[in-house]
Amino acid sequence: MTNESIWVYIQLNQDKIEPTSLQLLTKAKQIAEDKPVWAILLEPTTLTAEATIQQYGPDNILRLRDDRFAAATDEELADALEQVVTQYNPNSFLFPATTAGRSLAPRLQAKLQTGLTADCLDLAFDGDTLVQVKPTYGDNIMCDIICPDRRPQMATVRPNIFKAVRVPNSQTEVVSATFTFHPETTMTILNTTRLISQTASLSDAQTVIALGRGANQPKTIELARQLAAKMGGVVGVTRPLTDDPQFTHDQQIGQSGQTVAPDLLINLGISGAVQYTVGIQNANRIVSVNTDATAPIFADSDYGYVGDATEFLEGLLAQVK
Amino acid sequence: MKIVVCIKQVPSTNDVKIDPQTHNLVRSADGVINPFDKNAIEAALKLRDQTNGEVILLSMGPESYRESLLEGLAMGADSAYLLSSRALGGADTLATGYPLSQAIQKIGDVELVLFGRQSVDADTGQVGPIVAEYLNVPQVTFAEAIDLTEDHHLIGKRRLDAAEQEVEVELPAAVTVRSEMNQPRYATPRQIQKSFEKPLTVWTEQDLDLDPERIGLAGSPTQVTQVYAPAAAKKRVTMLTGTPEHAVQELLQSL
Ligand SMILES: Cc1cc2nc3c(=O)[nH]c(=O)nc-3n(C[C@H](O)[C@H](O)[C@H](O)COP(=O)(O)OP(=O)(O)OC[C@H]3O[C@@H](n4cnc5c(N)ncnc54)[C@H](O)[C@@H]3O)c2cc1C
């Protein structure tokens with residue numbers, strides 16, 4: 001049976017749905033034309049993520065239930081997915097380009113002997129062919145990639161490129177899949193500790209105050225924290241600032257850090273290297289402050305101010321209510 | 001204990017442009033070891049010194065990749081293999097993972113295969129899990145720390161999306177390494193000199209038991225149909241003026 005459906009992998013981070021999976025449901029529906037969109041959910045019986053998924057309008061939820069999915073290895077997940085892919089033969093299968101998605105998808109790809117495109121920034125259908133837009137060379141070059149002859153067409157997609165839109169679908173049908181859980185005997189998950197993640201808050205934040213090497217003084221950092229607290233926002237940094245032990249890699253914005261999509265982003269003392277600016281393309285309004293009028297960051301900004309980051313912060317703290 | 005480190009050679013910078021006339025990629029010709037792969041080499045060298053093992057580098061690519069293999073030998077690896085031939089060229093990740101896994105099987109008795117978490121040019125991170133699948137071994141991706149236990153297991157600490165995970169695997173296994181794991185060592189002049197005497201073997205598809213349908217362009221399910229520069233962000237910046245107080249006032253009025 002060939003089934004022209006588009007599948008989206010619902011990643012669970014313990015008991016939470018990875019936001020990228022919901023973003024992918026919205027994107028899949030936008031590009032689907034008349035192809036049905038399926039959410040593929042591997043969940044322990046203690047969870048019921050279906051109600052939330054249904055809010056994002058898939059035609060079907062294919063549910064694989066087993067308590068061992070609470071802590072399963074990549075191989076165990078890939079093995080279960082292989083079983084359902086060969087039963088239903090979907091047209092395409094989309095994964096979040098998160099660490100979990102980027103670990104699982106290639107393992108499944110090798111089982112299925114099909115193509116997988118990594119870290120896509122856009123997707124579109126040309127007939128039944130999925131055109132996958134993939135950046136290379138640190139986002140300096142884009143490639144269109146297709147997988148013409150094999151199915152499913154697999155892709156991992158970068159977080160926060162698309163917005164998840166709620167369109168509840170009362171017709172969503174939950175289908176229970178038939179499969180066998182095969183435990184991987186050579187691997188044991190000893191423990192999984194949830195991090196009180198700044199990542200989640202940074203990539204979800206509506207206001208981000210970003211600090212660069214021109215705003216790395218203790219006083220400036222303290223003022224930025226105060227401003228973030230006042231505005232209900234979070235602080236992000238460029239890569240050089242992650243050398244400072246008070247910042248973690250989770251707070252880094254950019255190619256090798258997080259992609260942010262806030263309503264308001266304030267860049268302080270940031271030059272605007274391409275490895276940084278690729279992480280801020282989805283910010284709605286960008287304000288940048290830099291002492292150098294020729295700093296490239298201004299080309300990516302809606303508002304710019306040539307001046308000192310600390311003084312500007314003091315002005316903001318005084319005037320923001 | 002035999003440890004294989006799969007490495008890739010990447011351009012020394014990512015500053016790549018498209019020639020507007022020919023539409024070819026214009027990139028720097030000199031290659032370096034993919035930075036994350038250096039972390040993998042460093043991890044392998046540390047484990048070798050603990051276990052009296054052997055570190056073998058493996059790469060697939062044109063003859064010019066010798067440079068990176070020599071650099072890895074100069075860091076301290078014991079020997080290197082380069083899979084290189086026309087037939088292997090043009091491979092995507094699937095058609096790269098397959099010959100690599102066959103080579104690892106030919107090397108024989110390999111207990112640990114290490115990779116960098118991803119390459120900085122193509123940025124896929126897919127080859128590690130593909131090789132793990134072909135070898136039918138457990139995978140520990142995005143590892144921040146690895147340790148061997150007395151009873152021949154490996155404990156790995158993985159950094160996931162909103163969690164840290166500790167896993168234990170039985171060897172043989174495959175691990176992809178984050179840069180947080182270590183600081184790669186520099187080659188000493190003595191080591192550089194010695195690197196030229198270490199075995200560097202080139203294998204073609206003839207030397208490996210390969211299915212011709214699964215290598216090179218023919219064995220690659222994906223095709224690149226277009227290569228182009230990203231659309232330039234079109235922002236029109238409004239400059240704020242005057243004292244910082246004045247600029248902030250102006251900003252808050254416009255927002
Ligand atoms: C493979 C690779 C991946 C990378 N990934 C990332 C990434 O994910 N994220 C990232 O950020 N970087 C990344 N980088 C690094 C990136 O190329 C830049 O080096 C980095 O973004 C620069 O950070 P910066 O703007 O803070 O510092 P700088 O470039 O040093 O800029 C500091 C700016 O502050 C201004 N300034 C100085 N004093 C003041 C003041 N008092 N008030 C206001 N402005 C002032 C200066 O004019 C200057 O423009 C990556 C690099 C590579 C090679």
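Because the structure is predicted, anything quoted here is derived from the model rather than measured. (Residues numbered from 1 in each chain as written. Chains lettered and ligands numbered in written order. Predicted model: local features only at pLDDT ≥ 70, side-chain atom pairs only at ≥ 80, totals over all residues. Heavy atoms only, no water.)

*Asks:* Is there a simple way to explain the confidence of the model for chain B in this structure?
*Replies:* Predicted coordinates in regions of low pLDDT should not be interpreted in detail. When pLDDT is averaged along chain B, the result is 93; 98% of the residues meet or exceed 70. In the predicted complex, the global pTM is 0.83; the interface-specific ipTM is 0.91. (pLDDT = per-residue confidence, 0-100.)

*Asks:* Which parts of the structure should I look at to understand helix H3 (residues 74-88) of chain A?
*Replies:* Count 3.6 residues to each turn of an α-helix, and residues three or four apart come out pointing the same way. Residue and element names in this part refer to chain A. Here H3 spans 21 Å end to end across 15 residues, near enough to the 21 Å set by a 1.5 Å rise per residue. Among all positions of H3, only Asp74, Glu75, Glu76, Leu77, Ala78, Asp79, Ala80, Leu81, Gln83, Val84, Val85 and Tyr88 are buried. Of the residues one or two after H3, Asn89 is the one with positive phi, at around 45°. (Helix = DSSP H or I, 4+ residues; strand = E, 2+ residues; numbered from the N terminus. Expected span 1.5 Å × (residues − 1). Buried < 20%, exposed > 50% of the residue type's maximum accessible area, 1.4 Å probe, protein only.)

*Asks:* Looking at this structure, I do not really get the domain arrangement of chain A. What am I missing?
*Replies:* The extent of an interface is frequently quoted as the accessible surface area lost upon association of the parts. All names here are of chain A. Taken domain by domain, chain A holds domain 1 (6-176) and domain 2 (198-319). If you average the C-alpha positions of domain 1 and of domain 2, the two centres end up 32 Å apart. Of the roughly 670 Å² buried between domain 1 and domain 2, counting both surfaces, carbon and sulfur atoms make up 42%. The largest per-residue losses of area from domain 1 upon contact with domain 2 belong to Gly138, Asp139 and Asn160, which jointly make up 57% of the total buried on that side. Linking domain 1 with domain 2 are zero salt bridges, by the criterion used here. (Domains from an automatic or database assignment. Buried area = accessible area lost by both parts, 1.4 Å probe. Salt bridge = Lys/Arg side-chain N within 4 Å of Asp/Glu carboxyl O.)

*Asks:* I would appreciate a short explanation of the sheet that holds strand S8 (residues 122-126) of chain A in the present structure.
*Replies:* Two pairing modes exist for strands in a sheet, parallel and antiparallel, and in both the strands are linked by backbone hydrogen bonds. With antiparallel pairing, the four strands of this open sheet are ordered in space as S8(A)-S9(A)-S10(A)-S14(B). Since the sheet does not close on itself, it has two edges, and those belong to S8 of chain A together with strand S14 (223-228) of chain B, each with one partner. This sheet shows a mean twist of 25° between the axes of neighbouring strands, independent of strand direction. The sheet contact formed by S8(A) and strand S9 (residues 129-136) of chain A spans five bridges and is antiparallel. Bridge pairing links Ala124(A) to Val131(A) in S9(A). Along the sheet, helix H1 (residues 19-31) of chain A makes contact with S8 and S9 of chain A, crossing S8(A) at roughly 25°. (Pairing = 2+ DSSP bridges. Axes fitted to C-alpha atoms, helices over the stretch in contact; angles between N-to-C directions. Contact = heavy atoms within 4.5 Å.)

*Asks:* Looking at this model, I keep getting lost on the pattern of salt bridges. Mind explaining?
*Replies:* It is possible for side chains bearing opposite charge to pair when their charged atoms get close. Considering all chains together, one arrives at 23 salt bridges over all chains under this definition. One salt bridge in this structure joins Lys111(A) and Glu75(A), with 2.9 Å as the shortest N-O distance. Remark: Glu75(A) occurs in helix H3 and Lys111(A) occurs in helix H4 (residues 99-112); sequence separation between them is 36 residues. Its relative accessible area of 17% is what places Lys111(A) among the buried residues. A single salt-bridge network, built from bridges that share partners, covers Glu75(A), Arg107(A), Lys111(A) and Glu133(B).

*Asks:* Just checking my understanding: could you explain the sheet that holds strand S12 (residues 173-177) of chain B for this structure?
*Replies:* One open sheet holds the ten strands; their spatial order is S13(A)-S11(B)-S10(B)-S9(B)-S12(B)-S8(B)-S1(B)-S6(B)-S7(B)-S13(B), and the pairing between them is mixed. The open sheet is flanked by strand S13 (187-194) of chain A together with strand S13 (200-203) of chain B, the only strands paired with a single partner. In this sheet, adjacent strand axes meet at a mean angle of 30° when their direction is disregarded. In the sheet, strand S10 (residues 153-159) of chain B pairs with strand S11 (residues 163-170) of chain B via seven bridges, with the strands oriented antiparallel. Paired with Leu154(B) across the two strands is Val169(B), which belongs to S11(B). Set on the sheet, H4(A) makes contact with strand S9 (139-148) and S10 of chain B; between it and S9(B) the angle comes to about 105°.

*Asks:* Which parts of the structure should I look at to understand the interface of chain A and chain B?
*Replies:* Opposite the 77 residues of chain A that make contact, chain B presents 78 residues. The tally of links between chain A and chain B comes to four salt bridges. Between Asp250(A) and Arg159(B) there is a salt bridge, and its shortest N-O distance comes to 2.9 Å. The tally of links between chain A and chain B comes to 35 residue pairs in polar contact (both at pLDDT 80 or more). Across the side of chain A that touches chain B, the residue classes tally to 31 nonpolar, 28 polar and 18 charged. Here seven bridges tie S13(A) to S11(B), and the two strands are oriented antiparallel to one another. Of the residues in S11(B), the one forming a bridge with Thr188(A) is Glu168(B). (Polar contact = N/O pair within 3.5 Å; in protein donor to acceptor, adjacent residues only side chain to side chain. Nonpolar A, V, L, I, M, F, W, Y, C, P; charged D, E, K, R; others polar.)

*Asks:* Sorry if this is basic, but what is going on with the pairing of S11(B) here?
*Replies:* A regular strand carries its side chains on alternate faces of the sheet. Of the two faces of S11(B), the one lined by Ala163(B), Gln165(B), Val167(B) and Val169(B) is fully buried and the one lined by Glu164(B), Glu166(B), Glu168(B) and Glu170(B) carries no buried residue. Where S10(B) folds back onto S11(B) in an antiparallel hairpin, the turn is made up of three residues.

*Asks:* Could you clarify how one ought to interpret the site of the ligand in this entry?
*Replies:* Residue and element names in this part refer to chain A. In the vicinity of the ligand, 24 residues are found, and the nearest of them are Thr238, Gln252, Ser271, Asn290 and Asp308. Measuring from a nitrogen atom of the ligand, one finds a backbone N or O atom of Ile253 at 2.8 Å. Take Asp308: an N or O atom from its side chain is 2.7 Å from a nitrogen atom of the ligand. Across the complex, the protein chains shield 75% of the 990 Å² of accessible surface that the ligand would expose by itself. Of the residues contributing to the shell around the ligand, the split by class is six nonpolar, 14 polar and four charged. (Near = heavy atom within 4 Å. Areas by Shrake-Rupley, 256 points an atom, 1.4 Å probe, with all protein chains shown as cover.)

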